[in-house]
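# Structural description and commentary
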Amino acid sequence: MNIEELKNNYPLIKKMLLEEIIWLNPDYSSYDKAVEEIDLSMEDINDAEDRLKRFAPFIMKKFPETISVNGMIESPLEEIENMKVNLNQNNKADFKGRLFLKEDNNLAIAGSVKARGGIYEILKYSEDLLLKNNLITKNDNYEKIADSKIKNFFSEYSIHVGSTGNLGLSIGIISAALGYHVTVHMSMDAKQWKKDLLRSKGVNVMEYASDYSKAVEEGRKLSEKNPKSYFVDDENSVNLFLGYSVAAKRLVKQLEDRKIKIDKEHPLFIFIPCGVGGAPGGITFGLKKMFKDNVHCFFVEPTEAPCVLLGMMTKLNNSISVQDIGLTGKTCADGLAVGRPSKFVGKIMKRLLSGDITVPDNKLYDYMRELLNSENIFIEPSSCAAFHGIVKLNTDPVFKNYLEKNDLLDKMENSYSIAWATGGSLVPEDIKKEYINTYL
Ligand SMILES: *Cc1c(COP(=O)(O)O)cnc(C)c1O
C-alpha cells in the first residue's frame, strides 16, 4: 500500500490527520440501486426477529426485568426538546426539525447497543446447537432452555470474544446465563469496571496490552484450538449484523405510535456512533429496508479512530487501518476504539450510507454534560458521538451540500433526527462522576 499515493487520491486523508472532517459518500445511491448488490434481505431480518421472539420466554425467565416488555430487549425513543434548544444555543445552530434520542443505553441485560447483536448471536448459536442435538424443537416453549439439563449441556461448550468492553459485557452475561464457559479477550482500551463486572458474573477475562484487532486475533486463536468452542467474530459476523438490524422494525412501530410518518416530505436523519461498523451497519441496513430513500444514515467516529470512514473512502475496507495513515487509534470513547473496520460492513454500506463524521474526544464530554443538564439523561462518552452529527447537520456547509443535492433543504422544518445513544446504563456511580468532571 502506497500511503503517499492514497493521500494524493483522497485529499481528505491529509485533512483527517489534522482535524475533524465530514465525508459524504460519493457512492450513495437510490435504495433500489443499492440493494441490487446486497445478498441480505428482509427475510433475513424477519428470521432474526422471529428467533428473538422464540427466545423471549427464556429471556424473561433469566432476566425478570424484561417481563414487563414480554422478553423483548428494546429501548425507548425519547424526544429531547431541551437538548435541541441547548445544541442550537451552544453551536449557533438553527435546528428546524424534531430531535429524538434512541436510548440503547437502556437496553436490558447489557446496557448498550451490543445487547442487540451480541445477545442475538449467542441465541442463534445456541438454538442451532440445541436443534442439532434434538434438545428442543422450534415449537417448544424456550423457557426450558433455562433448565439444568440444557445448562449442563452448554457447560461443555466454550464461547470466546474479543472486545473493547461492551461487546464483552453482552456476550459474557448472556453466555454465562445459558451455562457456557465464556472468555472475553479485552483490549487495552477496556475500562476496569467492565472487567470487574464480568468477573463478578463468572466470566473469564483476559487482558491484552494491545488494541482491539490484537485482542480479537488472540481470542480467535485460542478458540480454534477447542472443537467445542465458538468464536464471536465482530469483524466478520453476519449474525451480529442481523441482530442489530432488527432495531429498525421496532423503530418503525415506535414512530407509528407517535403518529410520525416518514416520507419524502418528512425525511429522517440518523446518527450512530461507530466502532468496527457492525452495530451502525446493521441498524442502517434495517432502516434503509424500512424507509428506503427517506432515511439518511450517518456514522460518527472519533478523530483518531475513523476506521470505517477510511476503509469505505479508500475502498480498501479492512485492508487498511487508521494506524497505516498515522493516526493513533486511541480515544476515550472505548466503544469506538477500533483501528481496522469490519471485513464486510463497508461493502454492504457502499451505496446505503450517506456519510461519516469524525468527532474529537473533548466534545464527547461536553455533549454528555449537556444531555445530563438539559434532559437529566446520562449516556457514556462513546455514545455522545451521535450529537456531533446532529450539530454538523445543522451548521456545516458540507452538510448543506448534501441537503441541496438530495433536495432536502426545504424539508428540514418537517424533518426528524435521531441521535442513537449506544451505551451507559451500567456505568457505576463513581465512574459517572469521573466522566462528568472530565474536561479535555
Ligand atoms: C460497540 C459500540 C458502538 C459501535 O458498534 P460497532 O459494531 O463496533 O461499530 C457504539 N457505541 C458503543 C457504546 C459501543 O459499545
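Small disclaimer: the values here were computed from a predicted structure and weren't measured. (Residues numbered from 1 in each chain as written. Predicted model: local features only at pLDDT ≥ 70, side-chain atom pairs only at ≥ 80, totals over all residues. Heavy atoms only, no water.)

### Brief notes about the overall build of the protein
Stated formally: Helix and strand labels come from DSSP, where a helix needs a run of H or I of at least four residues and a strand needs a run of E of at least two; each type is numbered from the N terminus. A radius of gyration in this sense is built from C-alpha atoms; the matching globule rule multiplies 2.2 Å by the number of residues raised to 0.38. Per-residue accessibility, obtained with a 1.4 Å probe over protein chains only, is compared with the maximum for each type, and a residue is labelled buried under 20%, exposed over 50%, and partly exposed between these values. Any pair of residues with heavy atoms lying within 4.5 Å of one another is described as a contacting pair. Only the protein chains shown count as cover for residues, with accessible areas throughout obtained via the Shrake-Rupley method and a probe of 1.4 Å. Under the convention used here, Asp and Glu are negative, Lys and Arg are positive, and both His and the chain ends fall outside the count. The atom standing in for a charge is NZ when the residue is Lys, CZ when it is Arg, CG when it is Asp and CD when it is Glu.
Check the secondary structure of the protein and you find 18 helices and 11 strands. For 440 residues, the compact-globule estimate of 2.2 N^0.38 gives 22 Å, and the protein sits close to it at 21 Å. Once the C-alpha set of the protein is aligned to its principal axes, its extents read approximately 60 × 50 × 50 Å. In the protein, buried positions account for 62% of the 440 residues. Pairs at least 24 residues apart make up 75% of the contacts formed inside the protein by residues separated by at least 6 positions. With the model as given, the accessible surface of the protein reaches about 17200 Å², and the carbon-plus-sulfur share is 47%. Computing the positive centroid from 57 side-chain charges and the negative centroid from 62, the protein places the two 2 Å apart.

### Observations concerning the packing of helix α6 (residues 114-132) against helix α11 (residues 238-257)
What counts here: For helices, the fitted axis covers only the stretch in contact; all axes are lines through C-alpha atoms, and the angles between them, taken along N-to-C directions, range from 0 to 180 degrees. The scheme is simple: roughly parallel for angles under 35 degrees, roughly antiparallel for over 145, roughly perpendicular for 65 to 115, oblique for anything else. Each helix crossing is assigned a hand: it is left-handed if the near helix lies turned anticlockwise from the far helix by less than a right angle, otherwise right-handed if that turn is clockwise. Polarity classes work like this: nonpolar for Ala, Val, Leu, Ile, Met, Phe, Trp, Tyr, Cys and Pro, charged for Asp, Glu, Lys and Arg, and polar for all others, with Gly in that last group.
One can describe the packing of α6 onto α11 by two numbers: an axis separation of 7 Å at closest approach and a directional angle of 125°. As the angle between them shows, α6 and α11 are arranged oblique. Judged by the sense of rotation from one axis to the other, the crossing of α6 with α11 is right-handed. Residues Lys-114, Arg-116, Gly-117, Gly-118, Tyr-120, Glu-121 and Lys-124 of α6 lie in contact with α11, whose contacting residues are Asn-239, Leu-240, Gly-243, Tyr-244, Ala-247 and Arg-250. Considered class by class, the residues forming the contact of α6 with α11 number 4 nonpolar, 4 polar and 5 charged.

### Details of the site of the ligand
Defined as follows: Definition of nearness: a residue and a molecule or strand are near each other if at least one heavy atom of the residue lies within 4 Å of the molecule or strand. Any pair of N or O atoms that falls within 3.5 Å is considered a polar contact. Within protein, one atom must be able to donate a hydrogen and the other to accept it, and sequence-neighbouring residues count only if both atoms are side-chain atoms.
Surrounding the ligand, one finds 15 residues, the nearest of these being Lys-114, Asn-166, Gly-275, Gly-277 and Thr-422. Residue Asn-166 places a side-chain N or O atom 2.7 Å away from an oxygen atom belonging to the ligand. Thr-422 has a polar side-chain atom sitting 2.7 Å from a nitrogen atom of the ligand. In isolation the ligand offers 380 Å² of accessible surface; the protein chains occlude 98% of this area. Ranked by residue count, the leading element in the shell around the ligand is helix α12 (residues 278-291), at 3 residues. Of the residues contributing to the shell around the ligand, the split by class is 6 nonpolar, 7 polar and 2 charged.

### Here's the deal with the side chain of Asp-233
Here Asp-233 shows up in the loop between β7 (229-232) and α11. A distance of 2.9 Å separates polar atoms of two side chains, one belonging to Asp-233 and the other to Asn-236. Setting aside its immediate chain neighbours within four residues, Asp-233 contacts Arg-220 and Leu-240.

### Remarks on the nonpolar core
Threshold: Side-chain atoms within 4.5 Å are what join buried Ala, Val, Leu, Ile, Met, Phe, Trp, Tyr and Cys residues into a set we call a nonpolar core.
One finds Ile-145, Ile-270, Phe-271, Leu-287, Met-349, Phe-387 and Trp-420 to be the most contacted residues of the largest nonpolar core, which totals 151 residues. In terms of residue count, α11 provides more of this core than any other element does, 10 residues in total. Aside from chain neighbours lying at most four places away, what touches Leu-287 is Ala-248, Leu-251, Ile-270, Lys-292, Val-295, Cys-297 and Trp-420.

### A word on the pairing of strand β4 (residues 158-163)
In plain terms, the rule: Strands are labelled as partners when DSSP assigns at least two bridges between them. By convention a crossover is right-handed if, when the strands point away from the viewer, the path from the first strand over the helix to the second runs clockwise.
For β4, the buried fraction is high: 6 of the 6 residues fall into the buried class. The alternating pattern of β4 places Ser-158, His-160 and Gly-162 on one face and Ile-159, Val-161 and Ser-163 on the opposite face, and all of these are buried. When β4 meets strand β5 (residues 181-186), the two strands line up parallel, connected through 6 bridges. Pairing of Gly-162 across the sheet is with His-185, part of β5. For the crossover that starts at β4, traverses helix α8 (residues 166-178) and ends in the parallel β5, the hand is right-handed. Relative to β7, β4 runs parallel, the two being bridged by 4 bridges. Pairing of Val-161 across the sheet is with Val-232, part of β7.

Purely geometric numbers; function is a separate question.
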